[in-house]
Amino acid sequence: MTTYFTADHEYIKMESADVGIVGITHFAQDKLGDLVYAELPEVGAKVSAGKDVCVIESVKAAAEVKSPVEGEVVAVNQAVADDPTLVNSDPEGAGWFFKIRVTDAAKLAGLMDKATYDKSIG
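Residues numbered from 1 in each chain as written. Predicted model: local features only at pLDDT ≥ 70, side-chain atom pairs only at ≥ 80, totals over all residues. Heavy atoms only, no water.

Participant: Requested: an account of the pattern of salt bridges, with residues and values cited.
Facilitator: Tallied over the entire structure, the rule returns five salt bridges. Where lysine 99 meets glutamate 15, a salt bridge forms, and the shortest distance between an N and an O atom there is 3.3 Å. With lysine 99 in strand β9 (residues 98-102) and glutamate 15 in the loop between β2 (10-14) and β3 (19-24), this residue pair connects regions lying 84 residues apart in the sequence. (Salt bridge = Lys/Arg side-chain N within 4 Å of Asp/Glu carboxyl O. Helix = DSSP H or I, 4+ residues; strand = E, 2+ residues; numbered from the N terminus.)

Structure, rendered in structure tokens:
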């Protein structure tokens, strides 16, 4: 699976040519602290790149999870809604938020790869 990253610390792991898994990076969850709430989007929702899709709350702050690309939500991770601490324990694995059917896969090229993202967070 190829993974891409945004400057806002979201990732999208492409599990097929047009469907990706979206969540926040380890860096982001570390900055937020222990998550206590996650509001996930509706399956079928149309989302735009860079626009808010989820709301998450931690003991420190509330934050929005933005979509890395334009597309349609095809699945949500109910386990995270039931237990938001999954994001803290495994943000880039079991702690994903939603899956998206990507409208234009060519737009993924505008996101960062792992090496570039790691460099951006120092």
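That shown, we press on.
Participant: Give a detailed account of the sheet that holds strand β7 (residues 62-66), specifying residues and quantitative values.
Facilitator: With antiparallel pairing, the three strands of this open sheet are ordered in space as β4-β6-β7. Only two strands of the sheet have a single partner each, and these edge strands are β4 (35-39) and β7. Looking at each pair of strands side by side, their axes are set apart by 25° on average, direction ignored. For strand β6 (residues 52-58) and β7, the ladder comprises five bridges, and the chain directions are antiparallel. The residue of β7 that forms the bridge with valine 55 is glutamate 64. (Pairing = 2+ DSSP bridges. Axes fitted to C-alpha atoms, helices over the stretch in contact; angles between N-to-C directions.)

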